[in-house]
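In case you want the letters, here they are:
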Amino acid sequence: MQQMWQPELETLPRPQIEALQLKRIRETVARVHERVPFYKERLDAAGVRPDQINSFGDFRRIPFTVKEDFRRNYPFGLLAVPRREVVRVHASSGTTGKSTVVGYTRKDLEMWSDMVARFLVMAGVTQDSVVQVAFGYGLFTGGFGLHYGAERVGATVVPAASGNTRRHLQLIQDFGTTHVVCTPSYAMHICEVAGEMGLDLIKQTRLRTACLGGEPWSEQMRQRMFSLYGIHGYDNYGLSELIGPGVSGEGPECKGMHIFEDHFYPEIIDPESGEVLPPGSTGELVLTNLTREAQPVLRYRTRDITRLDLATCACGRTMARMARVTGRSDDMLIIRGVNVFPTQIEHAFLEMQGTSPNYQIIVDRQGSIDSLEVKIEITEQMLSDEMKNLHRLESDVQKRLAEALSITPKITLVEPGTLPRSEGKAVRVIDKRPKEA
Amino acid sequence: MFVKQLSLFIENRSGRLGAACRALADRKINILALSLADTADFGILRLIVSDPDAGHETLKKAGFTVVGNDVLAVEVEDKPGGLADILDVLSREKVNVEYMYAFSSIRTKRAALIFRFEDSQTAIKKLTAAGIGVMNRIDVLGQ
């Protein structure tokens, strides 16, 4: 049996898991009804009384929470505790200018660290490990989430943060890094750059494992990373609306990621009808916080498409496993681990005077790194006889989009009418990245 | 003095420059002078044509993005040093040239220099003071 961070909880028999979930659902619904005006209104309007939730069926009468609800309640409207009890905030990109803000109490941070510790331990992290965090540290949950989780396990944490691949490789060699933590595409990039530098990771370093999250990836990529570079890649999943990374994770024997069901209640729904689908069906993952103090979210639509397996795993864990995320039920793009909504780009354009609303987003992959190009149809207001004005326009648009998206796109000006349109409607997004199952 | 210039946005794709010229040709509009500023992805085609208003309309109808603006035309004798003398004046007077292009006529032995200045009014003053003729019409070009 694998090492576990909290073995008694991670192997709880299913009937006990479900009894615990129902108990915590009742507590959480009662808390948000009492403390969050948004949820009080929602629950009252749906005729759901917290004291009358006696089954999961009763719970399903509660309306979904969506990303837009975060925006409407920006920044602190969804808090279930006084702001002074919030000891940290994180934020992720929203569909328009406003980001999705999440708050944490001290106890939430402890819980979060335990969840991250669970999946790190699955990937073999121990007190002897050296864990190099290559996620950005900041509002994004990746850096700090993984950092404190790895510290909780007792590993030596190297907070190298994102970017500067050669420096990462230097640290991997000098510090004896055993685990890197980053997006799958960045891990692949680190491996490739090592190859270019003539560095044999297996012979010359102690790096054996990558804990990967933040973007979907494929089984083929896992195999390639192992066969070419000898690095084991393990998947983990999370989203800031619920906590950050630490909703689920996998180990070597697991086929799928265990959702930490004592803290998150998962459902799979039909994204069209919103109906809950029977176990084993593929659909959109909906998650409910069961233990979060600062900002519990009920039935949050993740927009991620997956399926659940409730069978006990070869690793001994009893908690439901979710399959790799195979797609989205909305138009969100994940580029270099950053969530990008086409509407954010539109919003940024609307704020800039004189820019054309006709644009196209092209996402591609060069080597293992995603690239983002935004093509803009030029208008008379944008055009000038002087080249420097067009260059200034390009760099202004680039700066504005980089601020809005946290990713710097390449800007290409094109002639009007050249961007493809289908049935009169502009085709906004072209994702050329290879699709693998 | 000032002549009307048309500037077109041209994508770096085959046939775009040709399409612009063909559109003008079909309307019997003559190109008197041109320059192409290019980058990796696109270019700005600057044109002096026989009928700027008709040219503007024609190119717009052909689907091009066009802006018109005034540029300064200066006539010099077509001989070595003709341009250098003018640039000496501009340099001495610290007048910035945004861009320029030139055309000469073998028949008249005169050359027309098209200038875009940061500050056109100052440029005219300094050139006139230095005895350099700023053209009222582009005789060389026939506009």
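What counts as what
- Residues numbered from 1 in each chain as written.
- Chains lettered and ligands numbered in written order.
- Predicted model: local features only at pLDDT ≥ 70, side-chain atom pairs only at ≥ 80, totals over all residues.
- Heavy atoms only, no water.
- Helix = DSSP H or I, 4+ residues; strand = E, 2+ residues; numbered from the N terminus.
- Buried < 20%, exposed > 50% of the residue type's maximum accessible area, 1.4 Å probe, protein only.
- Contact = heavy atoms within 4.5 Å.
- Areas by Shrake-Rupley, 256 points an atom, 1.4 Å probe, with all protein chains shown as cover.
- Lys, Arg positive; Asp, Glu negative; His and termini not counted.
- Charge placed at Lys NZ, Arg CZ, Asp CG, Glu CD.
- Patch = residues over 30% accessible without salt bridge, like charges linked within 9 Å, V, L, I, M, F, W, Y side chains within 5 Å.
- Salt bridge = Lys/Arg side-chain N within 4 Å of Asp/Glu carboxyl O.
- Arc of directions from axis to C-beta.
- Pairing = 2+ DSSP bridges.
- Axes fitted to C-alpha atoms, helices over the stretch in contact; angles between N-to-C directions.
- Domains from an automatic or database assignment.
- Buried area = accessible area lost by both parts, 1.4 Å probe.
- Polar contact = N/O pair within 3.5 Å; in protein donor to acceptor, adjacent residues only side chain to side chain.
- Core = buried A, V, L, I, M, F, W, Y, C linked by side-chain atoms within 4.5 Å.
- Phe/Tyr/Trp six-rings, centres within 6.5 Å; stacked < 30°, edge-to-face > 60°.

A. Representation of the overall build of chain A. Within chain A one finds 13 helices and 22 strands. Oriented by its inertia axes, the alpha-carbon framework of chain A measures out at about 70 × 60 × 40 Å. Counting over 437 residues, chain A shows a buried share of 56%. In chain A, 66% of the contacts between residues at least 6 apart in sequence involve partners at least 24 apart. For chain A, the exposed area adds up to about 18300 Å²; of that, 50% sits on carbon and sulfur atoms. Here chain A holds 53 positive side-chain charges and 55 negative ones, and the gap between their average locations is 2 Å.

B. Expanded view of a nonpolar patch on the surface. A surface patch of nonpolar side chains, about 190 Å² in accessible area, is lined by B:L83, B:L87 and B:V97. When you line up the elements, B:L87 lands in helix α3 (residues 82-92).

C. Highlighting helix α2 (residues 52-61) of chain B. Residue and element names in this part refer to chain B. Of all the residues in α2, the buried ones are P52, A54, G55, T58 and L59. Along the axis of α2, the buried positions cluster into a sector of 160°, meaning they face one direction only. Exposed and facing more than 90 degrees away from the buried side of α2 are D53 and K61.

D. Structural context of the pairing of strand β6 (residues 209-212) of chain A. All names here are of chain A. By the alternation rule, side chains of β6 split into T209 and C211 and A210 and L212, which are all buried. In this sheet, β6 lies alongside strand β5 (residues 179-182) in parallel orientation, the contact comprising four bridges. Along β6, the bridge assignment pairs C182 with L212.

E. A look at the sheet that holds strand β5 (residues 97-105) of chain B. Residue and element names in this part refer to chain B. Overall, antiparallel pairing links the six strands, which are arranged β2-β3-β1-β4-β6-β5 in an open sheet. Two strands in the sheet have a free side with no partner beyond their single neighbour: β2 (31-38) and β5. With strand direction ignored, the average angle separating the axes of adjacent strands in the sheet is 30°. Note: strand β1 (residues 2-11) against strand β3 (residues 42-49), six bridges, orientation antiparallel. The partner of I10 across the bridge, within β3, is G43. On top of the sheet, helix α1 (residues 16-26) reaches β1, β2 and β3; it is set at about 135° to β1, its chief contact.

F. Broad picture of the domain arrangement of chain B. All names here are of chain B. The assigned domain composition of chain B is domain 1 (2-68) and domain 2 (71-129). Domain 1 and domain 2 are separated by 23 Å when their C-alpha centres are compared. Taken together, the contacts link 10 residues of domain 1 with 10 residues of domain 2. Between domain 1 and domain 2 the total buried area reaches about 840 Å² when both faces are included, carbon and sulfur atoms providing 65% of it. Among the residues of domain 1 in contact with domain 2, F2, V3 and Q5 are the three that bury the most area, contributing 55% of the side total. For the interface between domain 1 and domain 2, the tally reads zero salt bridges. Linking domain 1 to domain 2 there are three residue pairs in polar contact (both at pLDDT 80 or more). Those elements that provide at least two residues to the side of domain 1 that touches domain 2 are β1, β2 and β3. At four residues, β2 tops the list of elements feeding residues into the side of domain 1 that touches domain 2.

G. Layout of unusual backbone geometry. Residue A:P75 follows A:Y74 across a cis peptide bond; omega there is -10°. For A:P75, the location among the structural elements is in the loop between α5 (67-72) and β1 (88-92). Even without being a glycine, A:R299 presents a positive backbone phi close to 45°. Mapped onto the secondary structure, A:R299 falls in the loop between β11 (282-289) and β12 (300-309). Exposure remark for A:R299: the relative accessible area of 2% places this residue in the buried category. With a phi angle near 55°, B:K94 is a residue other than glycine that sits in the positive phi range.

H. Spotlight on the side chain of A:H33. All names here are of chain A. Positionally, H33 belongs in helix α2 (residues 14-35). Since its relative accessible area comes to 18%, H33 is described here as buried. Separated by 2.8 Å, the side chains of H33 and D44 make a polar contact. What H33 contacts, discounting residues up to four positions off in sequence, is K40, L43, D44 and P50.

I. Representation of the pairing of β1(B) within the structure. Residue and element names in this part refer to chain B. In terms of residue burial, β1 counts as a mostly covered element, since eight of its 10 residues are buried. Sheet topology note: the β1/strand β4 (residues 66-77) ladder contains seven bridges and is antiparallel. Within β4, the residue paired with L6 across the bridge is G68.

J. A look at the nonpolar core. Core analysis: the largest hydrophobic core is formed by 61 residues, its most contacted members being A:Y237, A:V247 and A:F264. Ranked by residues supplied to this core, first place goes to helix α6 (residues 106-122) of chain A with 10 residues. Once residues within four sequence positions are removed from consideration, A:F264 is found in contact with A:Q21, A:M115, A:L242, A:I243, A:G246, A:V247, A:I259, A:L287, A:T288, A:N289 and A:L290. Ranked by size, the runner-up nonpolar core spans 30 residues in total, among them A:M352, A:I361, A:L372 and B:I44.

K. Local environment of the packing of aromatic side chains. All names here are of chain A. Counted under the stated rule, the structure contains 11 aromatic pairs over all chains. Seen from their ring centres, F38 and Y39 are 4.9 Å apart, and the 65° between their planes marks the pair as edge-to-face. For the pair F38 and Y39, one class covers both residues: buried. Following the ring pairs from residue to residue traces out a cluster consisting of F56, F59 and Y265.

L. Representation of the sheet that holds strand β18 (residues 369-377) of chain A within the structure. All names here are of chain A. Pairing in this open sheet of four strands is mixed, and the strands run β19-β18-β17-β22 from one edge to the other. Each having just a single partner strand, β19 (410-414) and β22 (429-431) make up the two edges of the open sheet. Each strand axis lies, on average, 20° off the axis of its neighbour in the sheet, ignoring direction. As paired strands, strand β17 (residues 359-366) and β18 are joined by eight bridges and run antiparallel to one another. When the bridges of β18 are listed, Y359 appears paired with I376.

M. Structural detail: the environment of B:K109. When you line up the elements, B:K109 lands in the loop between β5 and β6 (110-117). With 30 residues separating them along the chain, B:K109 and B:K79 place their C-alpha atoms 8.1 Å apart.

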